[in-house]
Amino acid sequence: ANMAQIHSKVPGMEDTNYKQIWNACVNKGPFLRYNWGLTDTMILNQHSTKKIGKDFNKDSVYLRIERQVLQGFPVVQSLLFLIRTFVTDVKTLTKEQRATMAMAIENMTDEELEYKGLTDKREKVILCLS
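Just so we're clear, the structure is a prediction, and the values are computed from it rather than from any experiment. (Residues numbered from 1 in each chain as written. Predicted model: local features only at pLDDT ≥ 70, side-chain atom pairs only at ≥ 80, totals over all residues. Heavy atoms only, no water.)

**A closer look at the overall build of the chain**
The following threshold applies: Helix and strand assignments follow DSSP, with helices taken as H or I runs no shorter than four residues and strands as E runs no shorter than two, numbered in order from the N terminus. In this scheme, a residue with accessible area under 20% of its type's maximum is buried, one over 50% is exposed, and one in between is partly exposed, where area comes from a 1.4 Å probe on protein chains only. For the area figures, the Shrake-Rupley method with a 1.4 Å probe applies, and any residue is considered shielded solely by the protein chains shown.
Summing up its helical and strand segments, the chain has 5 helices and 3 strands in all. Beginning at the N terminus, the succession of helices and strands in the chain can be written as α-α-β-β-β-α-α-α. Here the chain, with 130 residues, has 32% of them falling under the buried criterion. Of the roughly 9,000 Å² that the chain leaves accessible, carbon and sulfur atoms contribute 56%.

Structure representation (structure tokens):
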């Protein structure tokens with residue numbers, strides 16, 4: 001799969017210049033990025049096909065962060081993608097961190113909520129973060 005196919009379900013990525021991103025990743029890296037989401041389990045592998053991690057309640061809301069490293073190899077025009085996943089109970093976050101997350105969720109579009117698995121769960125999750 002190419003980068004456009006991999007990111008086809010990510011809201012806001014439809015007008016992305018993937019050729020430019022690919023060239024930068026291969027020729028100018030390494031790049032470090034983070035991706036976050038909320039889940040109801042400490043299970044690390046939550047590929048979208050598994051349909052797990054979205055039955056939230058006050059005692060099971062976890063912050064799931066992916067640390068992603070993209071290392072290019074210009075000589076062979078290839079890219080190495082590394083990922084490390086961290087999961088922590090939201091209760092370990094400061095009140096300000098939880099409030100920031102709640103505000104981010106409150107401001108998500110319907111497409112973003114769907115992508116994050118939070119459709120029809122916005123209010124419930126925000127309550128769990130309070």
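Moving on from the coordinates now.
**Regarding the confidence of the model for the chain**
This is how it is decided: One confidence number per residue, pLDDT, is output by the predictor and ranges from 0 to 100.
Across the chain, pLDDT averages 84, with 85% of residues at or above 70. Model confidence for the chain, summarised as mean pLDDT per element, is weakest for helix 1 (residues 3-6) at 68 and strongest for helix 3 (residues 95-106) at 95.

**With respect to the environment of leucine 118**
To keep things clear, this is the line we draw: Should any heavy atoms of two residues lie within 4.5 Å, those residues are considered in contact.
You can see leucine 118 is positioned in the loop between helix 4 (110-115) and helix 5 (122-129). Judged by its relative accessible area of 2%, leucine 118 falls in the buried class. Remark: the alpha-carbon pair of leucine 118 and isoleucine 105, spanning 13 residues in sequence, is separated by 8.6 Å. Every residue in contact with leucine 118, bar those within four places of it in the chain, is listed here: Phe56, Ile105, Met108, Leu113 and Val125.

**Some words on the sheet that holds strand 3 (residues 78-89)**
Within a sheet, each strand pairs with its neighbour through backbone hydrogen bonds, oriented either parallel or antiparallel. Going by this rule: For two strands to pair, DSSP has to find at least two bridges joining them. Lines are fitted to the C-alpha atoms to define the axes, a helix being fitted only along its stretch in contact, and any angle between axes, read from their N-to-C directions, falls within 0 to 180 degrees.
Pairing within the open sheet is antiparallel, and its 3 strands lie in the order 1-2-3. Two strands close off the open sheet at either side, each with one partner strand: strand 1 (31-39) and strand 3. Here the strands of the sheet are splayed against their neighbours by 20° on average, with no regard to which way each runs. Sheet contacts for helix 3: strand 1 and strand 2 (62-73); angle to strand 1, the most-contacted strand, approximately 85°.

**Concerning the nonpolar core**
When a protein is soluble and globular, its nonpolar side chains tend to lie buried together. Rules: Definition of nonpolar core: a set of buried residues of the types Ala, Val, Leu, Ile, Met, Phe, Trp, Tyr and Cys, connected through side-chain atoms within 4.5 Å.
Formed by 16 residues in total, the largest nonpolar core has its most connected members in Leu38, Val90, Ile105, Leu118, Val125 and Leu129. At the level of elements, helix 3 and helix 5 are the ones that each hand at least two residues to this core. Sort the elements by how many residues they give to this core and helix 5 lands first, with 4 residues. Not counting the four nearest positions on each side in its chain, valine 125 is found in contact with Leu38, Phe56, Ile105 and Leu118.

**Focus on the environment of aspartate 120**
Within the secondary structure layout, aspartate 120 lies in the loop between helix 4 and helix 5. Look at aspartate 120 and you get exposed, because its relative accessible area is 76%.

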